[in-house]
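Observations on the model geometry
Listed below are the residues making up each chain.
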Amino acid sequence: MVNITERLREHAKSKPSKVAITFPKRKLFSKKYHYQQLTYRELEERSNSYAYGLNALGIVKGTKILLFVRPSLKFCALAFALFKVGAVPILIDPAMGRKNLTQAIEAASPEALIAVPQVHLARIIKPSFCKSIRTSLSTVPLPFLGVAGIDSLECPSQKKYPIVQCAESDLAAIVFTSGGTGTPKGVEYTHSILLHQLDAIQDVFGLQESDIDMPAFPLFTLFSLALGMSSVIPDMDPTKPSQAKGEKLAKIMHDQKVTFASGSPAIWRNVAEHCTKKRITLPHLKHLMMFGAPVPLSLHTQFDGIMPHGTTHTPYGATEALPITNIDGRALLDRYRNSAGKGICVGKAIPGVDIKIIDIVDTALTRWDAVTELETEVIGEVIVSGPVVTSRYHNMSHQTTDAKIYDPEGTLWHRMGDVAYLDPDNMLWFCGRKAHRVTSPSGTLYSVKVE
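Structure report, in brief. Every value quoted in this text rests on a predicted model; they were computed, and no experiment measured them.

A count of helices and strands for the chain gives 13 helices and 24 strands. The globule rule puts the C-alpha radius of gyration for 451 residues at 22 Å, and the 22 Å found for the chain is close to it. Each of the three principal axes of the chain carries a C-alpha extent, and together these read 70 × 55 × 45 Å. Counting all 451 residues of the chain, 53% fall into the buried class. Within the chain, residue pairs in contact and separated by at least 24 positions form 66% of the contacts whose partners lie at least 6 positions apart. When the accessible surface of the chain is split by element, carbon and sulfur atoms take 52% of a total near 20100 Å².

Here it is as structure tokens:
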């Protein structure tokens, strides 16, 4: 039996005064920040308080809760409280558009909602929105709607909440894909998947409790805290990475001595431009993980000068399987500088993960004998297996059938929806999305190779 919050409780006991979370607040008419913080003891106590409050509202093991809460101190405490009671948080990117958002919520069928006021107001305008929801909370009280605020959950008792123990196969969270190449799908994360992702990230990057993290993806904040690190919340909208202000993020990273950061290359392009223009370096930064889109070599080159004591990384993966591969920027610059037109090298498979390149098929693969594995340096469809690979989409049996296949030994393989090839050194070269390839009289064109 497992629960990721057991790790939080252990850290709160062994290092109660250590800063767990830092939240930057900009001073009015000033470029300086005021930093709000929670120690591990305070985070543990607040999440216990929230857990008692949630339980009093009928939130129990298995309750599906739609979360639209911006990254904050409250978000972290609330997320751990949900895991403590055994509830299943549902995370959806609101930037996916109204139609996709509505479809995603209907597919997930949440029983409870914790959200910013705008979401509660949207339910008035469109009553069918979130029709399965029976319990609602807002980030601030909305008395005219009869919706209480998160603070109403707080319980004066300092008692430890009896953490609900779950089986490794129990559903822990539902995280939706972006819907960039089709209908958004709710990926089921079991407790086993979360713990294996946690261990994989720690092992691949050699993370220590002394590291200070600044992740742009809120779920990674919870990973950092479960590893005993200090986590800094960036001053940006995680749903609009290209609009992140490089000046703000560089300032926070410098102030807080951030050693590990992650997010979309769109974010770090802005940071690199600011640092290059102002001739700023980030001497404390050891690892910069960029994912979610192809990363040009020029961005690695820029950060090679900005990070005198560290390097960039471009892990490959997806919501359904993360991480799968990794390569650091210095290796890319040393070995693959002259790789224009060859695709993007994303490195070797991490320990425990297997990668195959198979003949491209645009329909479901229901039998393993329909799979044709391709030779080295031949472009095909990517399939992966391993302990970080999820097994199904929530309430989407047809989509699950399209994306999953079992080999004769019973091993689950996920079809990534990408095209790529393996080189003689078993390095994976990403060539684009399968749906974006174009057939021409001279052969098949792959988007990333062309770009």
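Contact pair helix H8 (residues 246-256) / helix H9 (residues 265-278): the axes reach a minimum separation of 8 Å and the direction vectors enclose 80°. Comparing the axis directions of H8 and H9 gives the class roughly perpendicular. Between H8, through Gly246, Glu247, Leu249, Ala250 and Met253, and H9, the contact on the second element is made entirely by Ile267, Trp268, Asn270, Val271, His274 and Cys275.

Note that Gln256 resides in helix H8. Among all residues touching Gln256, those that are not within four sequence positions of it are Thr22, Tyr35, Gln37, Ile212 and Val232.

Further remarks concern the layout of surface pockets. Of the pockets and cavities examined, the second largest pocket occupies roughly 440 Å³. Lining the second largest pocket are 23 residues, and of these Phe23, Arg70, Pro71, Ser72 and Leu73 sit closest to its centre. Among the elements that make up the lining of the second largest pocket, the one with the highest residue count is strand S1 (residues 19-26) (4 residues).

What follows deals with the sheet that holds strand S4 (residues 88-91). Strand order in the open sheet formed by 7 strands is S7-S6-S5-S3-S4-S8-S9, and the pairing between neighbours is mixed. Since the sheet does not close on itself, it has two edges, and those belong to strand S7 (148-149) and strand S9 (186-190), each with one partner. Running over the sheet, helix H5 (residues 117-125) touches strand S3 (64-68), strand S5 (112-115) and strand S6 (135-138) and is turned about 130° from S5.

Moving on, we come to the nonpolar core. Within the largest apolar cluster, 64 residues are counted, with the highest numbers of intra-cluster contacts made by Ile21, Leu43, Leu54, Leu78 and Ile114. Considering each element in turn, this core owes the most residues, 11 residues, to helix H3 (residues 73-85). Listed in part, the 27 residues of the second largest apolar core include Tyr33, Leu282, Leu299 and Met307.

In total, this model carries 18 salt bridges according to the counting rule given. The salt bridge involving Glu188 is made with Arg392; its shortest N-O contact spans 3.6 Å. Of this pair, Glu188 sits in strand S9 while Arg392 sits in the loop between strand S19 (380-385) and helix H12 (397-403), and the two are 204 residues apart along the sequence. On the accessibility criterion, Glu188 (13% relative accessible area) is buried. When its relative accessible area of 41% is taken as the criterion, Arg392 is described as partly exposed. Across the salt bridge formed by Lys286 and Asp211, the nearest N and O atoms sit 3.0 Å from each other. With Lys286 in the loop between H9 and strand S13 (287-290) and Asp211 in the loop between helix H6 (191-205) and strand S10 (212-215), the pair connects residues that are 75 residues apart, well separated along the chain. Exposure remark for Asp211: the relative accessible area of 2% places this residue in the buried category.

The next thing to look at is the sheet that holds strand S12 (residues 260-263). In spatial order, the strands read S2-S1-S11-S10-S12-S13-S14; together these 7 strands make up an open sheet with mixed pairing. Each edge of the sheet is formed by a strand with only one pairing partner; in this case those strands are strand S2 (33-39) and strand S14 (311-313). For this sheet the average axis-to-axis angle between neighbouring strands, irrespective of direction, equals 20°. With 3 bridges connecting them, S13 and S14 associate as parallel partners. Bridged to Met289 within S14 is His313.

Let us look at H8. Every buried residue of H8 is accounted for by Gly246, Leu249, Ala250, Ile252, Met253 and Gln256. In an axial view of H8, the angular spread of the buried residues amounts to 160°, which keeps them on one side of the axis. Against the buried residues of H8 lie S1, S2, S10, strand S11 (230-232), S12 and H9. Positive backbone phi, at 55°, marks Lys257, one or two positions downstream of H8.

Once that is clear, we can look at the packing of aromatic side chains. Evaluation of the coordinates by the stated rule reveals 9 aromatic pairs. Seen from their ring centres, Phe220 and Phe291 are 5.6 Å apart, and the 45° between their planes marks the pair as tilted. Placement of Phe220 in helix H7 (residues 218-226) and of Phe291 in the loop between S13 and helix H10 (297-306) is noted, with a sequence separation of 71 residues between them. Like Phe220, the residue Phe291 is buried in the burial classification. Taken together, the ring pairs connect Phe217, Phe220, Phe223 and Phe291 into an aromatic cluster. Sitting above the plane of the Tyr393 ring, Lys185 keeps its charged end 5.5 Å from the centroid. Sitting over the ring of Tyr393, Lys404 keeps its end group 5.6 Å from the ring centre.

Across a regular strand the side chains alternate sides, sitting on one face of the sheet and then on the other. By the bridge criterion, 4 bridges tie S5 to S6 in an arrangement that is parallel. Within the sheet, the bridge partner assigned to Ile114 lies in S6 and is Leu137. In this fold, S5 hands off to H5, which returns the chain to S6; that crossover is right-handed. Examined bridge by bridge, S6 and S7 share 2 bridges and lie parallel to one another. Residue pairing for S7: Leu137 is matched across the bridge by Ala148.

So, how was this worked out
- Residues numbered from 1 in each chain as written.
- Predicted model: local features only at pLDDT ≥ 70, side-chain atom pairs only at ≥ 80, totals over all residues.
- Heavy atoms only, no water.
- Helix = DSSP H or I, 4+ residues; strand = E, 2+ residues; numbered from the N terminus.
- Rg over C-alpha atoms; globule rule 2.2 N^0.38 Å.
- Buried < 20%, exposed > 50% of the residue type's maximum accessible area, 1.4 Å probe, protein only.
- Contact = heavy atoms within 4.5 Å.
- Areas by Shrake-Rupley, 256 points an atom, 1.4 Å probe, with all protein chains shown as cover.
- Axes fitted to C-alpha atoms, helices over the stretch in contact; angles between N-to-C directions.
- Parallel < 35°, antiparallel > 145°, perpendicular 65-115°, else oblique.
- 1 Å grid on protein atoms, 1.4 Å probe; cavity = no way out; pocket = protein on both sides within 12 Å on 5 of 7 lines; lining within 4 Å.
- Points joined across faces, edges and corners; volume = space filled by probe spheres on them.
- Pairing = 2+ DSSP bridges.
- Core = buried A, V, L, I, M, F, W, Y, C linked by side-chain atoms within 4.5 Å.
- Salt bridge = Lys/Arg side-chain N within 4 Å of Asp/Glu carboxyl O.
- Arc of directions from axis to C-beta.
- Phe/Tyr/Trp six-rings, centres within 6.5 Å; stacked < 30°, edge-to-face > 60°.
- Lys NZ or Arg CZ within 6 Å of the ring centre and 35° of its normal.
- Right-handed = clockwise from strand over helix to strand, strands pointing away.

Any functional reading would require information that these geometric values do not contain.
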